[in-house]
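# A closer look at the structure
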Amino acid sequence: GGVLVTADLCCVVVYWVKPEGMVGVTLFGAFAALPEGLHVGKVFGPLTIYAYHVAAVLAICYLIPSVKTRFADYLLPGIMVVTVLWSTATGFMTGHAALVVFRESTTMLEMALGFVLAMFVVYGGHVKWSIRVMIVILWFSAGMAILSSLFAIRLAGRAESLEGTTGRQALRIILTTQTPATAVLTALVAAAIIGRFRPAMYLALGPPAAVISLLSFSRNTLISMGVAAVVALLGSLSWVALRRTVKAAAVGAATI
(Lines give C-alpha, C1' and ligand atoms only; values in the text may rest on other atoms or scores of the structure.)
Protein backbone atom coordinates (compact mmCIF):
# COMPACT_ATOMS: atom_id res chain seq x y z
CA GLY A 1 0.00 0.00 0.00
CA GLY A 2 2.80 2.41 0.91
CA VAL A 3 4.54 1.79 -2.41
CA LEU A 4 1.34 2.57 -4.35
CA VAL A 5 0.77 5.78 -2.41
CA THR A 6 4.35 6.87 -3.06
CA ALA A 7 3.99 6.08 -6.77
CA ASP A 8 0.73 8.07 -6.94
CA LEU A 9 2.38 11.08 -5.30
CA CYS A 10 5.30 10.89 -7.73
CA CYS A 11 2.89 10.83 -10.68
CA VAL A 12 1.10 13.91 -9.33
CA VAL A 13 4.40 15.75 -8.86
CA VAL A 14 5.50 14.89 -12.40
CA TYR A 15 2.19 16.19 -13.77
CA TRP A 16 2.60 19.49 -11.91
CA VAL A 17 6.28 20.05 -12.65
CA LYS A 18 6.89 18.52 -16.11
CA PRO A 19 4.07 16.54 -17.77
CA GLU A 20 6.37 15.19 -20.49
CA GLY A 21 8.52 13.78 -17.70
CA MET A 22 6.16 10.80 -17.60
CA VAL A 23 7.46 9.92 -21.07
CA GLY A 24 10.91 9.58 -19.53
CA VAL A 25 9.50 7.42 -16.74
CA THR A 26 7.87 5.18 -19.34
CA LEU A 27 11.06 4.83 -21.38
CA PHE A 28 13.13 4.06 -18.29
CA GLY A 29 10.67 1.47 -17.02
CA ALA A 30 10.38 -0.20 -20.43
CA PHE A 31 14.04 -0.26 -21.52
CA ALA A 32 16.41 0.28 -18.58
CA ALA A 33 18.45 -2.74 -17.44
CA LEU A 34 17.23 -3.34 -13.89
CA PRO A 35 18.17 -5.94 -11.26
CA GLU A 36 16.40 -9.27 -11.54
CA GLY A 37 14.87 -9.09 -8.06
CA LEU A 38 13.21 -5.72 -8.65
CA HIS A 39 9.47 -6.27 -9.11
CA VAL A 40 8.10 -3.90 -11.76
CA GLY A 41 4.86 -5.73 -12.53
CA LYS A 42 1.70 -7.07 -10.95
CA VAL A 43 0.38 -10.52 -11.78
CA PHE A 44 -3.37 -11.01 -12.15
CA GLY A 45 -3.75 -14.71 -12.86
CA PRO A 46 -2.40 -15.31 -16.38
CA LEU A 47 -2.15 -11.55 -17.04
CA THR A 48 0.84 -9.41 -16.03
CA ILE A 49 0.61 -5.62 -15.92
CA TYR A 50 3.98 -3.87 -15.83
CA ALA A 51 4.69 -0.45 -14.36
CA TYR A 52 5.63 0.98 -17.73
CA HIS A 53 2.18 0.06 -19.09
CA VAL A 54 0.59 2.32 -16.49
CA ALA A 55 3.26 4.98 -17.05
CA ALA A 56 2.61 4.95 -20.82
CA VAL A 57 -1.13 5.45 -20.33
CA LEU A 58 -0.48 8.29 -17.87
CA ALA A 59 2.04 9.88 -20.26
CA ILE A 60 -0.57 9.92 -23.03
CA CYS A 61 -3.16 11.40 -20.68
CA TYR A 62 -0.69 14.06 -19.51
CA LEU A 63 0.06 15.13 -23.09
CA ILE A 64 -3.52 15.18 -24.37
CA PRO A 65 -4.18 18.84 -23.33
CA SER A 66 -1.10 20.10 -25.21
CA VAL A 67 -1.34 17.97 -28.37
CA LYS A 68 -3.85 18.42 -31.16
CA THR A 69 -4.67 15.19 -32.96
CA ARG A 70 -7.17 14.10 -35.58
CA PHE A 71 -9.39 11.05 -35.68
CA ALA A 72 -7.36 9.69 -38.61
CA ASP A 73 -4.26 9.60 -36.37
CA TYR A 74 -5.85 6.85 -34.31
CA LEU A 75 -6.93 4.74 -37.27
CA LEU A 76 -3.82 2.55 -37.55
CA PRO A 77 -3.43 1.80 -33.82
CA GLY A 78 -7.20 1.29 -33.62
CA ILE A 79 -7.08 -1.34 -36.38
CA MET A 80 -4.18 -2.98 -34.54
CA VAL A 81 -6.10 -3.12 -31.25
CA VAL A 82 -9.24 -4.54 -32.87
CA THR A 83 -7.17 -7.19 -34.66
CA VAL A 84 -5.39 -8.19 -31.46
CA LEU A 85 -8.65 -8.39 -29.49
CA TRP A 86 -10.20 -10.53 -32.22
CA SER A 87 -7.15 -12.80 -32.24
CA THR A 88 -7.23 -13.03 -28.45
CA ALA A 89 -10.86 -14.13 -28.49
CA THR A 90 -10.03 -16.65 -31.22
CA GLY A 91 -7.17 -18.00 -29.11
CA PHE A 92 -9.47 -18.60 -26.16
CA MET A 93 -12.18 -20.18 -28.30
CA THR A 94 -9.70 -22.61 -29.87
CA GLY A 95 -8.57 -23.79 -26.44
CA HIS A 96 -5.10 -22.28 -26.16
CA ALA A 97 -3.59 -21.72 -22.71
CA ALA A 98 -4.62 -18.41 -21.17
CA LEU A 99 -1.02 -17.63 -20.15
CA VAL A 100 0.21 -17.94 -23.74
CA VAL A 101 -2.71 -15.98 -25.20
CA PHE A 102 -2.34 -13.07 -22.77
CA ARG A 103 1.44 -12.97 -23.21
CA GLU A 104 1.23 -12.75 -26.99
CA SER A 105 -1.66 -10.28 -26.89
CA THR A 106 0.08 -8.03 -24.38
CA THR A 107 3.14 -7.81 -26.61
CA MET A 108 1.05 -6.74 -29.59
CA LEU A 109 -0.99 -4.24 -27.58
CA GLU A 110 2.27 -2.71 -26.36
CA MET A 111 3.04 -1.87 -30.00
CA ALA A 112 -0.23 0.04 -30.38
CA LEU A 113 0.29 1.82 -27.08
CA GLY A 114 3.85 2.72 -28.04
CA PHE A 115 2.65 4.02 -31.42
CA VAL A 116 0.17 6.39 -29.76
CA LEU A 117 2.75 7.56 -27.23
CA ALA A 118 5.31 8.19 -29.98
CA MET A 119 2.69 10.15 -31.92
CA PHE A 120 2.06 12.39 -28.91
CA VAL A 121 5.79 12.84 -28.36
CA VAL A 122 6.31 13.95 -31.98
CA TYR A 123 3.23 16.17 -32.18
CA GLY A 124 4.01 17.72 -28.79
CA GLY A 125 7.61 18.57 -29.73
CA HIS A 126 9.22 16.32 -27.11
CA VAL A 127 11.55 14.39 -29.40
CA LYS A 128 14.74 16.05 -28.12
CA TRP A 129 13.67 15.40 -24.54
CA SER A 130 13.06 11.73 -25.34
CA ILE A 131 16.48 11.43 -27.00
CA ARG A 132 18.18 12.86 -23.90
CA VAL A 133 16.32 10.36 -21.75
CA MET A 134 17.39 7.50 -24.03
CA ILE A 135 21.03 8.63 -23.78
CA VAL A 136 20.83 8.33 -19.99
CA ILE A 137 19.08 4.95 -20.25
CA LEU A 138 21.67 3.57 -22.68
CA TRP A 139 24.66 4.64 -20.56
CA PHE A 140 23.00 3.35 -17.37
CA SER A 141 22.12 0.03 -19.00
CA ALA A 142 25.59 -0.35 -20.54
CA GLY A 143 27.14 0.02 -17.10
CA MET A 144 24.70 -2.49 -15.63
CA ALA A 145 25.44 -4.91 -18.49
CA ILE A 146 29.18 -4.70 -17.80
CA LEU A 147 28.57 -5.38 -14.10
CA SER A 148 26.37 -8.33 -15.03
CA SER A 149 29.03 -9.74 -17.35
CA LEU A 150 31.44 -9.66 -14.40
CA PHE A 151 28.88 -11.63 -12.31
CA ALA A 152 28.55 -8.65 -9.95
CA ILE A 153 24.77 -8.42 -10.37
CA ARG A 154 21.96 -10.37 -12.01
CA LEU A 155 19.76 -8.37 -14.35
CA ALA A 156 16.24 -8.96 -15.61
CA GLY A 157 16.52 -10.63 -18.99
CA ARG A 158 18.46 -13.65 -20.22
CA ALA A 159 22.04 -14.63 -19.49
CA GLU A 160 23.14 -17.56 -21.63
CA SER A 161 26.49 -19.39 -21.69
CA LEU A 162 28.11 -19.72 -25.12
CA GLU A 163 30.74 -22.22 -23.98
CA GLY A 164 29.06 -25.07 -25.86
CA THR A 165 29.10 -23.04 -29.08
CA THR A 166 32.42 -21.20 -28.90
CA GLY A 167 34.41 -23.72 -26.87
CA ARG A 168 35.36 -20.96 -24.46
CA GLN A 169 33.71 -19.46 -21.44
CA ALA A 170 31.48 -16.64 -22.67
CA LEU A 171 28.26 -15.12 -21.38
CA ARG A 172 25.54 -13.78 -23.62
CA ILE A 173 23.47 -11.06 -21.94
CA ILE A 174 20.14 -10.14 -23.55
CA LEU A 175 18.44 -7.19 -21.88
CA THR A 176 15.33 -5.13 -22.54
CA THR A 177 17.70 -2.38 -23.67
CA GLN A 178 18.69 -4.55 -26.63
CA THR A 179 15.80 -3.19 -28.71
CA PRO A 180 16.63 0.54 -28.45
CA ALA A 181 20.36 -0.22 -28.72
CA THR A 182 19.77 -2.01 -32.03
CA ALA A 183 17.57 0.85 -33.24
CA VAL A 184 20.23 3.41 -32.30
CA LEU A 185 23.05 1.57 -34.07
CA THR A 186 20.85 1.07 -37.13
CA ALA A 187 20.02 4.78 -37.27
CA LEU A 188 23.66 5.79 -36.78
CA VAL A 189 24.78 3.56 -39.65
CA ALA A 190 22.14 5.03 -41.97
CA ALA A 191 23.01 8.58 -40.87
CA ALA A 192 26.72 8.00 -41.52
CA ILE A 193 26.02 6.91 -45.09
CA ILE A 194 23.52 9.67 -45.83
CA GLY A 195 25.84 12.24 -44.26
CA ARG A 196 23.33 13.88 -41.93
CA PHE A 197 24.67 13.47 -38.42
CA ARG A 198 26.51 15.26 -35.66
CA PRO A 199 29.65 13.73 -34.13
CA ALA A 200 28.33 14.59 -30.67
CA MET A 201 25.37 12.26 -31.17
CA TYR A 202 27.72 9.43 -32.12
CA LEU A 203 29.68 9.94 -28.91
CA ALA A 204 26.50 10.17 -26.84
CA LEU A 205 24.60 7.23 -28.33
CA GLY A 206 27.14 5.00 -30.07
CA PRO A 207 29.39 3.66 -27.26
CA PRO A 208 26.65 2.48 -24.85
CA ALA A 209 24.56 1.01 -27.68
CA ALA A 210 27.64 -0.83 -28.99
CA VAL A 211 28.47 -2.21 -25.54
CA ILE A 212 24.92 -3.49 -25.02
CA SER A 213 24.77 -5.06 -28.48
CA LEU A 214 28.21 -6.64 -28.33
CA LEU A 215 27.52 -8.23 -24.94
CA SER A 216 24.37 -9.82 -26.39
CA PHE A 217 26.27 -11.52 -29.26
CA SER A 218 23.08 -11.11 -31.33
CA ARG A 219 23.13 -11.51 -35.10
CA ASN A 220 19.93 -9.46 -35.30
CA THR A 221 21.92 -6.29 -34.67
CA LEU A 222 24.28 -7.03 -37.56
CA ILE A 223 21.34 -7.84 -39.83
CA SER A 224 19.58 -4.57 -38.93
CA MET A 225 22.73 -2.54 -39.50
CA GLY A 226 23.35 -4.29 -42.81
CA VAL A 227 19.81 -3.65 -44.05
CA ALA A 228 20.03 0.01 -42.97
CA ALA A 229 23.32 0.40 -44.82
CA VAL A 230 21.90 -1.08 -48.03
CA VAL A 231 18.74 1.04 -47.91
CA ALA A 232 20.70 4.22 -47.14
CA LEU A 233 23.15 3.50 -49.95
CA LEU A 234 20.39 2.86 -52.49
CA GLY A 235 18.47 5.91 -51.29
CA SER A 236 21.45 8.23 -51.83
CA LEU A 237 23.30 6.36 -54.56
CA SER A 238 26.53 8.19 -55.36
CA TRP A 239 30.28 7.80 -55.10
CA VAL A 240 30.23 9.90 -51.93
CA ALA A 241 27.65 7.59 -50.35
CA LEU A 242 29.70 4.56 -51.42
CA ARG A 243 32.80 6.03 -49.82
CA ARG A 244 30.87 6.72 -46.61
CA THR A 245 29.59 3.14 -46.64
CA VAL A 246 33.11 1.73 -46.88
CA LYS A 247 34.27 4.05 -44.13
CA ALA A 248 31.33 3.09 -41.87
CA ALA A 249 32.00 -0.61 -42.48
CA ALA A 250 35.69 -0.18 -41.60
CA VAL A 251 34.90 1.72 -38.41
CA GLY A 252 32.27 -0.86 -37.43
CA ALA A 253 34.63 -3.78 -38.03
CA ALA A 254 37.35 -2.08 -35.96
CA THR A 255 34.87 -1.44 -33.15
CA ILE A 256 33.72 -5.08 -33.10
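Now for a quick tour of the structure. Everything quoted here is computed from the prediction, not taken from an experiment. (Residues numbered from 1 in each chain as written. Predicted model: local features only at pLDDT ≥ 70, side-chain atom pairs only at ≥ 80, totals over all residues. Heavy atoms only, no water.)

### Overview of the packing of aromatic side chains
When we look at a pair of aromatic rings, we describe it by the centre distance and by the angle of the planes. Evaluated as defined, the whole model comprises three aromatic pairs. A cation over an aromatic ring shows up here: K18 above the ring of W129, its NZ or CZ 4.8 Å from the ring centre. (Phe/Tyr/Trp six-rings, centres within 6.5 Å; stacked < 30°, edge-to-face > 60°. Lys NZ or Arg CZ within 6 Å of the ring centre and 35° of its normal.)

### A word on the nonpolar core
Counting 21 residues, the largest nonpolar core has M22, V23, L27, L117, F120 and I137 as its most contacted members. Counting residues per element, the ones that place at least two in this core are α2 (21-31), α3 (51-63), α5 (98-123) and α6 (127-149). Considering every element that reaches this core, the biggest residue donor is α3, with six residues. Ignoring any residue separated from it by four or fewer positions in sequence, one finds F120 in contact with I60, L63, I64, V67, T69, Y74 and H126. (Core = buried A, V, L, I, M, F, W, Y, C linked by side-chain atoms within 4.5 Å. Buried < 20%, exposed > 50% of the residue type's maximum accessible area, 1.4 Å probe, protein only. Helix = DSSP H or I, 4+ residues; strand = E, 2+ residues; numbered from the N terminus. Contact = heavy atoms within 4.5 Å.)

### Some remarks on the environment of L27
Along the chain, L27 turns up in helix α2. Here L27 falls in the buried class, since its relative accessible area comes to 16%. The spatial distance from the C-alpha of L27 to the C-alpha of A55 is 8.9 Å, given a sequence separation of 28 residues. With sequence-adjacent residues up to four places away left out, L27 is seen in contact with A32, S130, V133, M134 and I137.

### Let's talk about the environment of T83
Secondary-structure assignment places T83 in helix α4 (residues 75-93). Separated by 19 residues in the primary sequence, T83 and I64 place their C-alpha atoms 25 Å from one another.

### Some thoughts on a nonpolar patch on the surface
A cluster of nonpolar side chains, V12, V13, Y15, W16 and V17, forms an exposed patch at the surface whose accessible area comes to about 550 Å². Classification of V17 as exposed rests on a relative accessible area of 67%. (Patch = residues over 30% accessible without salt bridge, like charges linked within 9 Å, V, L, I, M, F, W, Y side chains within 5 Å. Areas by Shrake-Rupley, 256 points an atom, 1.4 Å probe, with all protein chains shown as cover. Salt bridge = Lys/Arg side-chain N within 4 Å of Asp/Glu carboxyl O.)

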